[in-house]
Amino acid sequence: MAGFHIEHFGCRAARADGEAIAASLLAWGQHCVPQSPDADVVIVNTCSVTAEADRAARAFIRRAHRRNPEAKIVVTGCYAQRAPQELVQMSGVSAVVGNSHKALAPEIILDLTQPPGEPAQPHAELAQPPAADIIPVSSLLAPSSESGARVWVDDRFAHSFLEEAQIVPGAQTRPNLKIQEGCTNRCAFCVIPQTRGSSRSLPRAAVLRHVEDFVAAGGNELVLSGINLGSWGRDLPERSSFASLVREILERTRLPRLRLSSIEPMDWDDELIGLMSEFAAAPLSSSRPRSHLARHAHLPLQSGSDAILRRMHRRYRPWHYAEKVAALQRAAGPELTLGADVMAGFPGETDAEFGETLAFIRALPFGYLHLFPFSPRPGTRGFTLHAERPVPAAAVDERMAELRALAAEKTRTHRSRFIVQELEAITLNTPMALAAQGKTSALTDNFLPLEIHSRLDANRPLRVRITGLDPEGDLVGCAVA
Ligand code: SF4
């Protein structure tokens, strides 16, 4: 293979899947190229959380094929799992690998690039891929196409955990370690249980080994991620708690900073919140390094209306959410950055119910919000509800605009609180345009992105002083000696 390009869509957990596929291909001596027209294999790691996500993936596939008709396109991820029949018919697509088979994706990709009858020839000193002839595999939910494109999708999710790839600081300074897959909840709007199956956990020993390997490779910050991260451990024979795993990482490994990605409100139990107060303060740039937990909590909210949360089949009420936030603030202190996902236009959402969401958000100290319009996904309860009581598109647009304005105001207020303060941070891979101005991108432990007025390499822990907000609302600062 001359080179592969991987294009990611979707959440951090989905990105972790794509990074694991890329890491396996790199370990087998393949080259990653930054632009799709230069690649002979283009891997499209899709999301299917909204109709818009599907559209974006299809548009990318069309563009990639137009720019390089010779390239083989391999589509994987949630869209590949949900609707392989739509993707396999697209021009240029050579293979569709659903989440059920994504652990086999590297081998499938390698096999695709070999002339017929010739096994893959990895570089002698590199890790050996498993024999390419382990494919094709198992039952298919969609027939392969007339063009010969092949489909690997079923509904058993037996090959769905990408746990072998080593996590190293590289293209991503703060990579994701995905330790949990799938979801056993049934939120009415969500297609994930169909596209990723029930909740499964990476065993404790494998998680700890990955963390130690990351530290040994020079990593400073690791993000624990999963589709429903807080449910980690419930499916393991010993029924471990997620908090017990986090404690073990913080106490037994030498990882300088651990960050938790999105955790459902009710999974922030007392034990986990207690860890936030126990481990949140140690500075990364201290002369006596000790593991610490980033002062950052992302709790999906979706709606601030009790009635809407009930209709969504969410497992908490607005007051539960507010209690968790108050406890987290007490534990992590005033530097905590709180984030949430919020949805506008769930079927039947009235103006009054949406007003409750706005009021709820105004009352809490959010540092940022991820906003989504409701999107009916076939096969979900929300799809049926949408057919019965859709919210008009114009109302959804209006509500999204109100939420965007509120989110911008909350972000600006939160960031402004830190001007003249000193915080712990880590330098990131700086975009070329910014580097050309002699600046460096960084991220504080409490999840504030900022620009530093000096050129520094990526993956460097440092203390920064926040000096102001630029006109775009981004924080600027300087390294503290
Ligand atoms: S908790 Fe709900 S929204 Fe989140 S992945 Fe599970 S079903 Fe989807």
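Note that the structure is a prediction, hence the values are computed from the model and not measured. (Residues numbered from 1 in each chain as written. Predicted model: local features only at pLDDT ≥ 70, side-chain atom pairs only at ≥ 80, totals over all residues.)

**A closer look at helix α8 (residues 242–252)**
Heads up, the rule is: Remark: C-beta atoms are placed from the backbone, and a residue is labelled buried if 20 or more other C-beta atoms sit within 10 Å of its own, exposed if 12 or fewer do, or partly exposed between those counts. A run of DSSP states H or I qualifies as a helix once it reaches four residues; a run of E qualifies as a strand once it reaches two. Both are numbered from the N-terminal end. Here, the arc refers to the directions that run from the helix axis to the C-beta atoms.
Looking at α8, one finds that the buried residues are F242, A243, L245, V246 and I249. An end-on view of α8 places all buried positions within 160 degrees of arc, on one side of the element. Of the exposed residues in α8, those oriented more than 90 degrees away from the buried face are E251 and R252.

**Quick look at the sheet that holds strand β8 (residues 221–226)**
For clarity, the cut-off: Criterion used throughout: strands pair if DSSP finds at least two bridges between them. It is the C-beta atoms, placed from the backbone, that decide contacts: two residues are in contact if theirs lie within 7 Å. To define axes, lines are fitted to C-alpha atoms, for helices over the stretch in contact only, and angles between the resulting N-to-C directions are given on a 0 to 180 degree scale.
Across the sheet, 5 strands lie side by side as β7-β6-β8-β9-β10; this open sheet has mixed pairing. Across the chains shown, the open sheet's two edge strands, defined by having one partner strand only, are β7 (200–201) and β10 (292–293). Summarising the sheet, strand β9 (residues 257–260) and β10 pair through 2 bridges and their orientation is parallel. For L258, the partnering residue across the bridge sits in β10 and is L293. Along the sheet face, helix α1 (residues 12–27) touches β6 (176–181) and β8 and points at about 110 degrees away from the line of β6.

**Quick look at the site of the ligand**
Stated precisely, the cut-off is as follows: We call a residue near a molecule or strand when the C-beta position, derived from backbone atoms, sits within 6 Å of it. The residue classification treats Ala, Val, Leu, Ile, Met, Phe, Trp, Tyr, Cys and Pro as nonpolar and Asp, Glu, Lys and Arg as charged. All others, Gly included, are polar.
As a matter of local geometry, the ligand sits amid C183, N185, R186, C187, C190, I192, P193, I227, N228 and E264. Residues belonging to the shell around the ligand are distributed by class as follows: 6 nonpolar, 2 polar and 2 charged.

**Focus on the sheet that holds strand β12 (residues 337–344)**
Spatially, β11-β12-β13 is the arrangement adopted by the 3 strands of the open sheet, whose pairing is parallel. Bordering the open sheet on either side are β11 (296–298) and β13 (366–373), each of which pairs with just one other strand. Shown here is a sheet whose adjacent strand axes are inclined to one another by a mean of 15 degrees, direction ignored. Bridging between β12 and β13 involves 7 bridges; their strand directions are parallel.

**Considerations on the confidence of the model for the protein**
Stated precisely, the cut-off is as follows: Per-residue confidence from the predictor is given as pLDDT, running between 0 and 100.
Summing up the model confidence of the protein, the mean pLDDT is 88 and the portion of residues at 70 or higher is 88%. Here residues 121–142 scores under 50 on pLDDT; set against residues more than four positions off or in separate chains, the count is 45 contacts.

**Thoughts on the packing of α1 against helix α5 (residues 105–112)**
Note the following rule: Just so you know how the angles are binned, under 35 degrees is roughly parallel, over 145 roughly antiparallel, 65 to 115 roughly perpendicular, and the rest oblique. Rotating anticlockwise by less than a right angle from the far helix to the near helix defines a left-handed crossing, while the corresponding clockwise rotation defines a right-handed one.
One can describe the packing of α1 onto α5 by two numbers: an axis separation of 9 Å at closest approach and a directional angle of 50 degrees. By the angle class used here, α1 and α5 are oblique. With respect to the hand of their crossing, α1 and α5 are arranged in right-handed fashion. Seen from α1, the contacting residues are I21, S24 and L25; seen from α5, they are A105, P106 and I109. Taken together, the residues of the contact of α1 with α5 break down into 5 nonpolar, 1 polar and no charged.

**Quick word on the nonpolar core**
Heads up, the condition is: We call a set of buried Ala, Val, Leu, Ile, Met, Phe, Trp, Tyr and Cys residues a nonpolar core when their C-beta atoms link them within 7 Å. The split of the chain into domains comes from an automatic or database domain assignment.
Counting 109 residues, the largest nonpolar core has V41, I43, I73, V74, V75, V96 and I109 as the members making the most contacts within it. A total of 8 residues in this core trace back to one element, the largest contributor, which is α1. There are two domains that each give this core at least three residues, and those are domain 1 (4–152) and domain 2 (176–415). Among the nonpolar cores identified, the runner-up in size contains 12 residues, and L423, L428, L448 and L450 belong to it.

**So, unusual backbone geometry**
The phi angle at Q302 is positive, at roughly 75 degrees, despite the residue not being glycine. On the secondary structure map, Q302 appears in the loop between β11 and α10 (306–311). For Q302, a count of 24 C-beta atoms within 10 Å corresponds to the buried category. A positive phi is found at H313, a non-glycine position, where the angle reads about 60 degrees. Relative to the assigned elements, H313 resides in the loop between α10 and α11 (318–332).

**A few points about the packing of helix α12 (residues 351–363) against helix α14 (residues 393–416)**
Following both chains from N to C, one finds α12 and α14 inclined at 5 degrees, their axes separated by 11 Å at the closest point. With respect to each other, α12 and α14 are oriented roughly parallel. Across the interface between the two elements, F354, L358, I361 and R362 of α12 pack against R399, E402 and L406 of α14. When grouped by side-chain class, the residues that make up the contact of α12 with α14 number 4 nonpolar, no polar and 3 charged.

**Some points on the pairing of strand β17 (residues 461–469)**
As judged from the 5 bridges shared by strand β14 (residues 422–427) and β17, these two strands associate in the antiparallel manner. Residue L423 lies in a different strand from β17, and its bridge partner there is V464. The pairing of β17 with strand β18 (residues 475–479) spans 5 bridges and is classified as antiparallel. For G468, the partnering residue across the bridge sits in β18 and is V476. Hairpin remark: β17 followed by β18, antiparallel, with 5 residues in the connecting loop; positive phi at G473, about 90 degrees.

**Some points on the pairing of β14**
The buried fraction of β14 amounts to 5 of the 6 residues, a majority that puts the element mostly inside the structure. In terms of strand pairing, β14 meets strand β15 (residues 440–444) through 3 bridges, oriented antiparallel. Along β15, the bridge assignment pairs A425 with T444.

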